[in-house]
Amino acid sequence: MLKRLSPAGAHPQISSDSRKGFATPKRSHRLIALTAALLLIAAACSDTSSDGASGDSPSGEAVELEQVSSSPRQDVPSALESMTGAGLPEPTVEVGRVVSGGPPPDGIPSIDRPRFEKASDIGWLADREPVMSLTIDDETRAYPVQVMTWHEIVNDTVAGVPVVVTYCPLCNSALVYERRADDQVLDFGVSGKLYNSSLVMYDRQTESLWSHFVGEAIAGVMTGTKLEELAVSMVSWADWREANPQGWVLSKDTGFDRPYGRNPYVNYDRANTDPFLFDETPDGRMPAKTRVLGIEENGRAVAVLTDALRNQGVVHLEFGSRPIVAWAKPGAASALDSQEIAEGKEVGQTGVFESVLDGQPLTFEPSTDGFKDSQTQSTWNVLGQAVDGPLSGKRLTAIPHVDTFWFAWAAFQPQSQIFNGGAAGGSQNG
């Protein structure tokens with residue numbers, strides 16, 4: 001059976017020799033990319049599926065939750081086979097820049113029948129491990145990065161809303177979209193292709209290709225269609241569990257045999273390394289692998305340097321007439337550093353929210369317990385929930401954002417401003 005190297009067999013476990021190649025400017029980028037691609041192809045030839053759960057058995061009972069049925073497949077030309085096939089519209093990107101990442105379509109298998117455990121039953125996640133936190137209405141779920149790294153896509157339904165939960169290790173980007181488009185409920189797989197070194201998905205209804213980073217179909221009969229982006233945060237397991245002790249957590253019981261908890265991209269987030277199969281010159285305003293928090297709304301894009309945000313704790317910004325707050329606190333490990341994700345270097349965790357609640361503008365500052373608003377002295381956690389004070393039980397409206405690498409954000413948002421510190425009011429420099 002075919003398998004992809006890192007997620008589901010996914011991208012490469014880079015050897016010590018090839019890691020040196022990534023870090024050495026004198027090495028040819030083409031040679032580095034070829035070496036990594038060969039590693040991917042080799043991994044794609046090994047077995048990927050399993051009849052049971054992978055790794056250690058989950059400590060709680062994993063269950064399937066109610067799902068919205070996907071629409072039937074259509075008899076239309078497939079962009080997965082040819083982006084410029086007969087009957088297809090012109091792709092929105094240069095065809096030659098959509099490249100193979102090594103594995104074939106579905107070589108990294110998406111999770112299409114997700115199973116979940118209660119947070120109180122989880123014994124296999126370390127406190128510092130990153131999880132993707134998604135809230136729709138009053139339902140919050142966690143998707144551990146140690147699972148997402150090996151699958152990249154989860155087709156799920158949360159609070160009755162069909163969603164696609166996505167994570168691209170190469171861009172360090174976690175994004176969630178609603179799966180409804182053009183009166184269809186789509187489900188997505190991993191195409192095996194990359195664009196700007198970023199995951200390219202395909203929908204199984206029409207086999208159109210979609211950019212994970214912007215949620216838009218770039219080739220196929222659905223070209224130009226955009227999915228609705230939903231807010232998701234990357235936070236530590238400890239903080240998520242404290243806020244959601246009875247919440248649902250994506251299980252390791254996936255039906256695939258993967259070394260969950262291991263990082264196949266050891267040292268990938270080192271500042272002096274090159275992005276994998278990124279065929280453009282990275283935006284020179286910052287090093288390619290600089291971690292940023294990206295926010296885009298109504299045509300305006302801002303990249304907040306993660307280090308600056310961590311140093312200040314809180315940054316207030318305005319997008320048009322809407323004031324927002326971005327904040328960060330320590331406690332989360334990098335998923336792209338050490339061989340064991342739980343042992344990754346400290347990178348912190350972030351959140352972005354509207355800073356107006358029930359018509360009342362709020363200003364925030366870091367506190368020992370999280371964050372505190374100046375107006376009521378209520379305490380807030382990293383997920384935007386008031387946990388103490390007059391506003392206890394209230395929740396801020398989350399704003400879609402992405403924690404990612406600068407090269408990826410700048411490639412998709414080339415006009416982005418940069419916030420690199422300054423007054424808490426949030427001046428932009430760029």
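Please read all numbers here as calculations on a predicted model, not as lab measurements.

Caption draft 1: Spatial organisation of the overall build of the protein. A count of helical and extended segments in the protein gives six helices and 30 strands. Per-residue burial for the protein yields a buried fraction of 59% across its 430 residues. Within the protein, residue pairs in contact and separated by at least 24 positions form 68% of the contacts whose partners lie at least 6 positions apart. Total accessible area computed for the protein in this model is approximately 16,800 Å², and 46% of it derives from carbon and sulfur atoms.

Caption draft 2: View of the layout of surface pockets. In this structure, the largest pocket encloses a volume near 490 Å³. If you trace the largest pocket, you find 24 residues lining it, with Thr 135, Ala 231, Leu 396, Thr 397 and Ala 398 closest to the centre. Counting only elements with at least two residues in the lining of the largest pocket, the list comes to β4 (130-136), β15 (229-230), β16 (232-236) and β22 (349-354). Among the elements that line the lining of the largest pocket, the one with the most residues is β4, at four residues. Split into classes, the residues belonging to the lining of the largest pocket amount to twelve nonpolar, eight polar and four charged.

Caption draft 3: Region of interest: empty space enclosed by the protein. Under the defined criterion, the tally for this structure stands at three cavities of 30 Å³ or more. In this structure, the largest cavity encloses a volume near 230 Å³. Asn 172, Met 234, Arg 291, Val 347 and Asp 403 are, among the 20 residues lining the largest cavity, the residues nearest its centre. Among the secondary structure elements, those contributing two or more residues to the lining of the largest cavity are β18 (291-297), β22 and β29 (402-405). Here the residues of the lining of the largest cavity are counted per class, giving eleven nonpolar, seven polar and two charged.

Caption draft 4: Molecular detail of the pairing of β22. Of all six residues in β22, six are buried, a share of seventy percent or more. As defined by bridge partners, strand β21 (residues 322-329) adjoins β22 across six bridges and the pair is classed as antiparallel. Counterpart to Trp 327 in the pairing with β22 is Gly 351.

Caption draft 5: Main features of the environment of Phe 278. By the secondary structure assignment, Phe 278 is in the loop between β17 (248-250) and β18. By relative accessible area, which is 13% here, Phe 278 ends up buried. Along the primary structure Phe 278 and Ser 197 are separated by 81 residues, whereas in three dimensions their C-alpha atoms are 4.9 Å apart. Setting aside residues up to four positions removed in sequence, Phe 278 forms contacts with Asn 196, Ser 197, Phe 407 and Ala 411.

Caption draft 6: Representation of unusual backbone geometry. Of note in this structure, Asp 182 is not a glycine but carries a positive phi near 50 degrees. Following the sequence through the fold, Asp 182 ends up in the loop between β9 (180-181) and β10 (184-185).

Caption draft 7: Focus on the sheet that holds β4. Taken together, the six strands give an open sheet; going across it, the order is β1-β3-β17-β5-β4-β16, and neighbouring strands pair in mixed fashion. This sheet does not close on itself; its edge strands, each paired only once, are β1 (63-64) and β16. Strand direction decides the pairing type here: β4 and β16, joined by five bridges, are antiparallel. Counted as the bridge partner of Ser 133 is Ser 233 from β16.

Caption draft 8: Representation of the packing of aromatic side chains in the model. Summed over all chains, the structure comprises 14 aromatic pairs. Centre to centre, the rings of Phe 278 and Phe 407 are 5.1 Å apart; their planes meet at 70 degrees, and the pair counts as edge-to-face. Within this pair, whereas Phe 278 is found in the loop between β17 and β18, its partner Phe 407 is found in helix α6 (residues 406-412), the two being separated by 129 residues in sequence. Relative accessible area serves as the criterion here: at 1%, Phe 407 is assigned to the buried category. Where Trp 327 meets Phe 371, the ring centres are 4.2 Å apart and the plane angle is 5 degrees; that geometry is what we call stacked. Here Phe 371 lies in strand β26 (residues 370-373) and Trp 327 lies in strand β21, a separation of 44 residues in the sequence. For Phe 371, a relative accessible area of 1% corresponds to the buried category. Cluster of aromatic residues (ring-pair linked, three or more members): Tyr 265, Tyr 268, Phe 278, Phe 405 and Phe 407.

Caption draft 9: Looking closely at the environment of Gly 160. Tracing the sequence through the fold places Gly 160 in the loop between β6 (153-158) and β7 (161-168). Separated by 92 residues in sequence, Gly 160 and Val 68 place their C-alpha atoms 7.0 Å apart.

Caption draft 10: View of the pattern of salt bridges. Applying the stated criterion across every chain, the model contains 21 salt bridges. Put simply, Asp 253 and Arg 115 hold a salt bridge, and the shortest N to O gap is 3.0 Å. Of this pair, Asp 253 sits in the loop between β17 and β18 while Arg 115 is found in strand β3 (residues 115-118), placing the two residues 138 residues apart along the sequence. Taking relative accessible area as the criterion, Arg 115 reaches 26% and is therefore assigned partly exposed. Here Asp 283 ties to Arg 285 by a salt bridge, and the two come within 3.1 Å at their closest N and O atoms. Among the charged side chains, a salt-bridge network with shared partners connects Glu 64, Arg 113, Arg 115 and Asp 253.

Caption draft 11: Representation of the sheet that holds strand β12 (residues 198-203) in the model. Pairing is antiparallel across the open sheet formed by five strands, whose spatial order is β2-β11-β12-β13-β14. In the strand order of this sheet, the two ends are held by β2 (98-100) and β14 (216-219), each with one partner. Across the sheet, the mean angle separating the axes of adjacent strands is 50 degrees when strand polarity is ignored.

Caption draft 12: Quick look at the environment of Gly 344. Relative to the helices and strands, Gly 344 is located in the loop between β21 and β22. When its relative accessible area of 2% is taken as the criterion, Gly 344 is described as buried. Through-space distance from the C-alpha of Gly 344 to that of Asn 267 is 9.5 Å; in sequence the pair is 77 residues apart. If near-sequence neighbours (up to four positions away) are discounted, Gly 344 is found in contact with Arg 128, Ala 333, Ser 334, Asp 337 and Ser 338.

The rules behind the values
Residues numbered from 1 in each chain as written. Predicted model: local features only at pLDDT ≥ 70, side-chain atom pairs only at ≥ 80, totals over all residues. Heavy atoms only, no water. Helix = DSSP H or I, 4+ residues; strand = E, 2+ residues; numbered from the N terminus. Buried < 20%, exposed > 50% of the residue type's maximum accessible area, 1.4 Å probe, protein only. Contact = heavy atoms within 4.5 Å. Areas by Shrake-Rupley, 256 points an atom, 1.4 Å probe, with all protein chains shown as cover. 1 Å grid on protein atoms, 1.4 Å probe; cavity = no way out; pocket = protein on both sides within 12 Å on 5 of 7 lines; lining within 4 Å. Points joined across faces, edges and corners; volume = space filled by probe spheres on them. Nonpolar A, V, L, I, M, F, W, Y, C, P; charged D, E, K, R; others polar. Pairing = 2+ DSSP bridges. Phe/Tyr/Trp six-rings, centres within 6.5 Å; stacked < 30°, edge-to-face > 60°. Salt bridge = Lys/Arg side-chain N within 4 Å of Asp/Glu carboxyl O. Axes fitted to C-alpha atoms, helices over the stretch in contact; angles between N-to-C directions.

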